[in-house]
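# Chains, contacts and geometry: an overview
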Protein chains: 2
Amino acid sequence: MTRALKTCLKDIAPLDEHAVEKAKERTRDLIMPAFALGRLHEISWQMAGIKRGIVGELRDKVIMVGAGDHGVAEEGVSLYPQEVTRQMVSGFIRGVAAINVIARHVGARVLVADFGVKGDPDPLWLSAPDRFRNKKVAPGTGNIVQGPAMTRAQAEEAIIRGIEVFEEERIRGMDIIATGDMGIANTTASAAVICSLTGLPPEEIAGKGTGLDERRLQDKVTLISRALAVNRPDSTDPLDVLAAVGGFEIGGICGWILGGAAGGLPVIVDGFISTAGAMLAVALEPKVKGYLFAGHLSEEKGHRKALEHMGLKPILDLQMRLGEGTGAALAMPLIEAGVKILTQMATFEEAGVSRGSG
Amino acid sequence: MTRALKTCLKDIAPLDEHAVEKAKERTRDLIMPAFALGRLHEISWQMAGIKRGIVGELRDKVIMVGAGDHGVAEEGVSLYPQEVTRQMVSGFIRGVAAINVIARHVGARVLVADFGVKGDPDPLWLSAPDRFRNKKVAPGTGNIVQGPAMTRAQAEEAIIRGIEVFEEERIRGMDIIATGDMGIANTTASAAVICSLTGLPPEEIAGKGTGLDERRLQDKVTLISRALAVNRPDSTDPLDVLAAVGGFEIGGICGWILGGAAGGLPVIVDGFISTAGAMLAVALEPKVKGYLFAGHLSEEKGHRKALEHMGLKPILDLQMRLGEGTGAALAMPLIEAGVKILTQMATFEEAGVSRGSG
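Note that the structure is a prediction, hence the values are computed from the model and not measured.

### Notes on the sheet that holds strand β6 (residues 292-298) of chain A
Strand pairing in a sheet takes place through backbone hydrogen bonds and is either antiparallel or parallel in direction. Residue and element names in this part refer to chain A. Read from one edge of the open sheet, seven strands run β3-β2-β1-β4-β5-β6-β7, paired in parallel fashion. The two strands at the open ends of the sheet, each matched to only one other strand, are β3 (132-134) and β7 (314-320). Going from strand to strand, the sheet's axes swing by 25° on average, the running direction of each strand aside. Pairing geometry for strand β2 (residues 109-116) and β3, over three bridges, is parallel. Paired with Ala-113 across the bridge in β3 is Arg-133.

If you want it as structure tokens, here you go:
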């Protein structure tokens, strides 16, 4: 492991339990039945632990959408042609995709990073340095049915470039970050990563992705089984798993998460692909988990089990399966609401409201 | 039934199915796998049906918190003394309660209406006509364990005053409205209303309210059974149900919902108490249902069954049990997101993105 990665992992601190306790105490004093806002309180306590004190606002919100292509796309695991990865990156830069709409709505900015899109970055992308980062490790992974997705050195490089995105972006201000993804065929790679790390069989994890029918889903399951058999990822070695069956954007997302945790920021994990990245990050350093919020439960089959494996409870369940960071972005206002409840509500004493007997 | 109420019910139109179809068509063309944003799309279609066309923004958002007291409080069904209803109304007017914090967060305004709080309106309340409406029918209901909550004329009056709040407030601009409640012991009255309308027994509907332990919950179940036996509400007559075991704020919320539906506006229903009001509204005129969004699933025991009875699926599930409109308010940004997705995203053609084969 390179020094850059080791240093980042070492910088990830446990949450501040003292701040968590302070937050719980204040919650008890707020004018409502004890803990009547359920998850909002839990969110605010975790936020206090992450921020090492009670914070009242989350001003700068950043969604990093990692993009990459996948050699396994040639097996027909997606309904969409591979060129859609590039086209959608252009859509993100132009601000016309779902994640742009939702990011504007929740007051977040979108940053797209190319970790492994096929071909050179488009001139349009390079013309927007505030929205785009060229972090390409290689133009697409190998077809995992035939061999490894990438070398071990490339796997580590993808993660380090994700950390770099975090560090470079940080100077513009960040109070909370979210993950997102774009990459045709990346539910296949993510399912393979999740199977490796959980030991669960592809039938339980692989889902319909862009909308496969039952027959094509069966083919996808078979392909993932074959990819695991061909590459034999070492489940105890996250870098080996990423190299064997992962994707460059999955590595980049893992790095973005590690950077966030090392930097003491809350990280909202999006759906299936982001969760694969988060699982790699947690496998590299279990303390990462304290910094994570699961934005939503995706419709992609194995997502629930993957979240359970990490002990994360999704905030939203809106039957979404898009990625791009859309589920994470939609959870932002709820996390902010939790934080504001803790700081803006009056206490029984302040408001002259009678306490209960419970 | 008075003419005012009859007129309102007659003004409630079916949704515009043509607009719904238009919205679905546009959704198919947006640059993502078909319908990949799940509930957000369903929300945007329903909104199109309600607004009779595709709308791109919800500017004016109003949460009406109906307040009232309940004679059954003297039976000890709440952990809090009855004076807390008044105190919390003052908290709403001062802007220091949970619903104020969340309303500010989501860009909505809060309007408090006193439909039946004990005692006269506080001078503080009357000093804030933009935030408070005096719609008191009577200062608290009768104890439903001993007799009816109110007369049939009062039940109708509470509903009509809720409609009035809607009509008066409308001139200030409203694109979407939400319901909220405050009233010590009102989960008891609401459970009785829901039992009457669904035919389900109190054991399945009554919940812990402000935080009762198991023993006190058993007492509450017994009291509700007794209230139903003493008053024998006619389940086919919503006004009789409200008069027998309801509450003034439950009637007011019912009226606010009827006004919203008659006025062609989407209505977000909050938790247990608001759902009792919504069920009365739907019982009075089934077409109301098309205008309703269930903001969240409350922790209060019977809420899921009450929503199922109306065929409503909650948007959020955050283990909340506060009321005040908090769950409805938190759903507002998600409804707005659905609407914006439909209008702000590019189509495949506009963005030059390849279509899938699915």
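### Some words on the side chain of Glu-169 of chain A
On the secondary structure map, Glu-169 of chain A appears in helix α7 (residues 152-170). Residues in contact with Glu-169 of chain A, not counting those within four places in the same chain, are Val-62, Arg-109, Leu-111, Arg-133 and Met-174 of chain A.

### Looking at the relation of the copies chain B and chain A
Its rotation angle being 180°, the transformation that places chain B on chain A also includes 0.0 Å of axial translation and leaves an RMSD of 0.0 Å. In the structure described here, the two chain copies are related by an operation that fits a two-fold rotation axis. Of the C-alpha atoms belonging to chain B, the one lying closest to the rotation axis is found on Leu-316 of chain B, 3.3 Å away. Here 100% of the interface residues in chain B have copies in chain A that are interface residues too; the copies meet face to matching face.

### Details of the pattern of salt bridges
Residues and elements named next belong to chain A. Overall, the coordinates contain 42 salt bridges over all chains when judged by the stated rule. A salt bridge links Glu-168 to Arg-133; the shortest N-O distance between them is 3.4 Å. One end of the pair, Glu-168, is in helix α7; the other, Arg-133, is in strand β3, with 35 residues separating them in the sequence. Several salt bridges converge on common partners, so that one network encompasses Asp-60, Arg-109, Arg-133, Lys-135, Glu-164, Glu-168, Glu-169 and Arg-172.

### Notes on the packing of aromatic side chains
Residue and element names in this part refer to chain A. Taken as a whole and judged by the stated rule, the model has eight aromatic pairs over all chains. Residues Trp-125 and Phe-132 carry aromatic rings whose centres are separated by 5.4 Å and whose planes lie at 50° to one another, so their mutual orientation is tilted. Across the pair, Phe-132 and Trp-125 agree in class, each one buried. Between Phe-166 and Trp-256 the ring centres are 6.0 Å apart and the planes differ by 70°, which places this aromatic pair in the edge-to-face class. Remark: Trp-256 occurs in helix α12 (residues 248-262) and Phe-166 occurs in helix α7; sequence separation between them is 90 residues. Residue Phe-166 is classed as buried on the basis of its relative accessible area of 2%. According to the relative accessible area criterion, Trp-256 is buried, its value standing at 0%.

### A short note on the domain arrangement of chain A
Residue and element names in this part refer to chain A. Considered domain by domain, chain A is made up of domain 1 (3-56 + 342-351) and domain 2 (61-334). Computed from C-alpha coordinates alone, the two centres of domain 1 and domain 2 are separated by 28 Å. Taken together, the 18 residues of domain 1 in the interface contact 26 residues of domain 2. Each partner contributes to the roughly 1,800 Å² buried at the junction of domain 1 and domain 2, and carbon and sulfur atoms together form 68% of this total. A per-residue breakdown of the area domain 1 buries against domain 2 is headed by Leu-5, Ile-12 and Arg-39, which together make up 33% of the total. Taken together, the links from domain 1 to domain 2 amount to one salt bridge.

### Here we look at the interface of chain B and chain A
Residue-level contacts link 55 residues of chain B with 55 residues of chain A. Linking chain B with chain A are zero salt bridges, by the criterion used here. At the level of elements, α3 (39-51), α4 (83-94), α5 (98-106), β7 (314-320), α15 (326-344) and α16 (348-351) of chain B are the ones that each hand at least two residues to the side of chain B that touches chain A. A per-element tally of the side of chain B that touches chain A places α15 of chain B first, with nine residues. Residues of the side of chain B that touches chain A, tallied by class, amount to 33 nonpolar, twelve polar and ten charged.

### Here we look at the sheet that holds strand β2 (residues 109-116) of chain B
Residue and element names in this part refer to chain B. One open sheet holds the seven strands; their spatial order is β3-β2-β1-β4-β5-β6-β7, and the pairing between them is parallel. Two strands lie at the open edges of the sheet, namely β3 (132-134) and β7, each paired on one side alone. For this sheet, the mean inter-axis angle between neighbouring strands, taken without regard to orientation, is 25°. Of the pairings in the sheet, the one linking strand β5 (residues 267-269) to strand β6 (residues 292-298) comprises three bridges and is parallel in character. In the sheet register, Val-267 faces β6, and the bridge partner there is Leu-292. The sheet contacts of helix α14 (residues 303-310) involve β6 and β7, and relative to β6 the element is tilted by about 160°.

### Observations regarding the confidence of the model for chain A
In this model, chain A carries an average pLDDT of 97, and 100% of its residues clear a pLDDT of 70 or more. Here the predicted complex carries an ipTM of 0.97, next to a pTM of 0.98.

### Observations regarding unusual backbone geometry
All names here are of chain A. Of note, the phi angle at Ala-185 is positive, near 80°, even though the residue is not glycine. Checked against the element boundaries, Ala-185 lands in the loop between β4 (176-182) and α8 (186-198). Using a relative accessible area of 6% as the deciding quantity, one classes Ala-185 as buried.

### Details of the pairing of strand β1 (residues 61-68) of chain A
All names here are of chain A. Most of β1 is tucked away: eight of the eight residues are buried. Across the two faces of β1 the burial is the same, with Lys-61, Ile-63, Val-65 and Ala-67 and Val-62, Met-64, Gly-66 and Gly-68 all buried. In the sheet, β1 pairs with β2 via seven bridges, with the strands oriented parallel. The residue of β2 that forms the bridge with Ala-67 is Asp-114.

### Description of helix α11 (residues 238-245) of chain A
Residue and element names in this part refer to chain A. With respect to burial, α11 is a largely interior element, seven of its eight residues being buried. Pro-238, Leu-239, Val-241, Leu-242, Ala-243, Ala-244 and Val-245 are the residues of α11 that are buried. Close packing links the buried residues of α11 with α1 (3-10), α7, α8, α10 (214-231), α12 and α13 (272-284).

### Some remarks on the side chain of Glu-156 of chain A
All names here are of chain A. Secondary-structure assignment places Glu-156 in helix α7. Although Glu-156 lies buried, it forms no salt bridge, and the closest oppositely charged side chain, Arg-152, sits 5.4 Å away as judged by the N-O distance. Apart from residues no more than four positions distant in its own chain, Glu-156 is found in contact with Met-1, Thr-2, Leu-5 and Leu-239.

### Some points on the packing of helix α7 (residues 152-170) of chain B against helix α11 (residues 238-245) of chain B
All names here are of chain B. At a minimum axis separation of 8 Å, α7 and α11 run at an interaxial angle of 105°. Taken as axis vectors, α7 and α11 run roughly perpendicular relative to one another. Counted together, Arg-152, Ala-155, Glu-156 and Ile-159 of α7 and Leu-239, Asp-240, Leu-242 and Ala-243 of α11 form the full contact between these two elements. A class-by-class count of the residues in the contact of α7 with α11 yields five nonpolar, no polar and three charged.

So, how was this worked out
Residues numbered from 1 in each chain as written. Chains lettered and ligands numbered in written order. Predicted model: local features only at pLDDT ≥ 70, side-chain atom pairs only at ≥ 80, totals over all residues. Heavy atoms only, no water. Pairing = 2+ DSSP bridges. Helix = DSSP H or I, 4+ residues; strand = E, 2+ residues; numbered from the N terminus. Axes fitted to C-alpha atoms, helices over the stretch in contact; angles between N-to-C directions. Contact = heavy atoms within 4.5 Å. Least-squares fit on C-alpha atoms with pLDDT ≥ 70 in both. Salt bridge = Lys/Arg side-chain N within 4 Å of Asp/Glu carboxyl O. Phe/Tyr/Trp six-rings, centres within 6.5 Å; stacked < 30°, edge-to-face > 60°. Buried < 20%, exposed > 50% of the residue type's maximum accessible area, 1.4 Å probe, protein only. Domains from an automatic or database assignment. Buried area = accessible area lost by both parts, 1.4 Å probe. Nonpolar A, V, L, I, M, F, W, Y, C, P; charged D, E, K, R; others polar. pLDDT = per-residue confidence, 0-100. Lys, Arg positive; Asp, Glu negative; His and termini not counted. Parallel < 35°, antiparallel > 145°, perpendicular 65-115°, else oblique.

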